[in-house]
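Fold and contact review
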Amino acid sequence: MFRTLAVLLATVFTATGPAQAEPSAPPPAEAGRLVAITDQDYDNASAARIRLMDPRVANWSAPAAQKWTWHPTSANGFGGLTSAWGLPTDVKLRRKAGAYVALVSDSRGLAGLITYPGGRRLWAADVGAPNNPHSVELLPDGNVAVAASTGGFVRIYTASQGSGSTTSVTYPLHDAHGVHWDPARKVLWALGGDKLAALRIVGTPAAPIVEESKVFTLPTGGGHDLAPALENRDLLWVSTGTKVYRFSKSAGRVVAAFDLPKIKSVSSMPNAQQVRTTPKSGCRTSWCTDTVDFAVPAATRTLPGAEIYKARVWSSRYE
């Protein structure tokens, strides 16, 4: 059973509706107990959504389970970019200048930074569908990092320079799937293939430079997901094609390994409960599921008809 949340969401935020005032105090999401899912709709791109779900609600079909939803529209500032949406691949909650923001990426090309919960565009770019953006991260200077798997790169966009700035610098990384900022070490962790790279971003916000600090070789290839273990600031979750690892940032090595093949996303709450997604037979694509799995303690939550790719613990913490 799930532990009682310290704070509850009293209302359902819908970012696709009228503009809303930003919260003046940290929203209940900071308890780190809600879960955001990237709900793809392979056959109907406009139906794809980011959904913020409450695991305390056993029936995810119930309206009370969904706390917020978002997709790009002309009304929320994404005119001209809606065609780059339809297969969302990542979503993260972060803070920027004291306010909550969210980042999204999509296999059809979109990378975006939006207000939360208002859902209004702060920055966006079309990274290109052939590049297949898979992960996105906010850097301390306001720039945005994007990992693109088919493109084979991590790209730093100068989002700090304006809502439509597409100036960027690129770090080549085969099969790049994950990016995650480390505020303690001041590096951007990047995952691709069997490599986990620690990158330093120097230069200026308007002209960033990527420097390779360290590159670690993982025991297996097919690196897929990269996320913090919120119960232990030293650990990262790393998934590959056949394993899930706990990687110690201070030791620079894998400290635990689990035989959990094909996992598309893995993260953990501050109470150490794990959140995972694994492709499910019968889902529309070979990478989707309608179910989010929890471990320690174990539970499942199913949203019938959903095509979930990733599930993220909804917390603005980097570590």
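Not measured: the values here are computed from a predicted model. (Residues numbered from 1 in each chain as written. Predicted model: local features only at pLDDT ≥ 70, side-chain atom pairs only at ≥ 80, totals over all residues. Heavy atoms only, no water.)

1. Re the overall build of the protein chain
When helices and strands are counted, the protein chain shows zero helices and 25 strands. Across the 319 residues that make up the protein chain, the buried fraction comes to 57%. Element-wise, carbon and sulfur atoms account for 53% of the exposed surface of the protein chain, whose accessible area totals about 12,000 Å². (Helix = DSSP H or I, 4+ residues; strand = E, 2+ residues; numbered from the N terminus. Buried < 20%, exposed > 50% of the residue type's maximum accessible area, 1.4 Å probe, protein only. Areas by Shrake-Rupley, 256 points an atom, 1.4 Å probe, with all protein chains shown as cover.)

2. Here's the deal with the environment of Glu-212
Tracing the chain through its elements places Glu-212 in strand E16 (residues 208-217). Spatially, the C-alpha atom of Glu-212 lies 8.7 Å from that of Tyr-171, the residues being 41 residues apart in sequence. If we skip the residues at most four places from it in the chain, Glu-212 touches Tyr-171, Ala-198 and Leu-199. For Glu-212, the side chain forms a polar contact with the side chain of Tyr-171, separated by 2.5 Å. (Contact = heavy atoms within 4.5 Å. Polar contact = N/O pair within 3.5 Å; in protein donor to acceptor, adjacent residues only side chain to side chain.)

3. Re the layout of surface pockets
In this structure, the largest pocket encloses a volume near 150 Å³. Lining of the largest pocket is provided by Gln-40, Tyr-42, Leu-87, Ser-107, Asn-132, His-134, His-177, His-224, Lys-264, Trp-287 and Tyr-309. Of the residues belonging to the lining of the largest pocket, the class tally is four nonpolar, six polar and one charged. (1 Å grid on protein atoms, 1.4 Å probe; cavity = no way out; pocket = protein on both sides within 12 Å on 5 of 7 lines; lining within 4 Å. Points joined across faces, edges and corners; volume = space filled by probe spheres on them. Nonpolar A, V, L, I, M, F, W, Y, C, P; charged D, E, K, R; others polar.)

4. Focus: the nonpolar core
In this structure, Trp-123, Val-144, Val-154 and Leu-188 are the most contacted members of the largest nonpolar core, which totals 31 residues. Here the element with the most residues in this core is strand E10 (residues 144-148); it accounts for five residues. Excluding residues that lie within four positions of it along the chain, Val-154 makes contacts with Val-146, Ala-147, Val-169, Thr-170, Tyr-171, Leu-173, Ala-176, Val-179, Leu-188 and Ala-190. One finds Leu-34, Trp-68, Leu-93 and Ala-102 within the second-largest nonpolar core, a separate group that totals 21 residues. (Core = buried A, V, L, I, M, F, W, Y, C linked by side-chain atoms within 4.5 Å.)

5. Quick word on unusual backbone geometry
For the bond from Tyr-116 to Pro-117, the omega torsion is 10°, close enough to zero to count as cis. Secondary-structure assignment places Pro-117 in the loop between strand E7 (110-115) and strand E8 (121-126). Going from Val-296 to Pro-297, the amide bond is cis rather than trans, its omega being 0°. Here Pro-297 shows up in the loop between strand E23 (291-295) and strand E24 (299-302). Even without a glycine there, the phi angle at Asn-132 is positive, about 60°. Secondary-structure assignment places Asn-132 in the loop between E8 and strand E9 (133-138). A positive phi angle is found at Lys-262, which is not glycine, with a value near 65°. With respect to the helices, strands and loops of the structure, Lys-262 is situated in the loop between strand E20 (253-258) and strand E21 (265-268).

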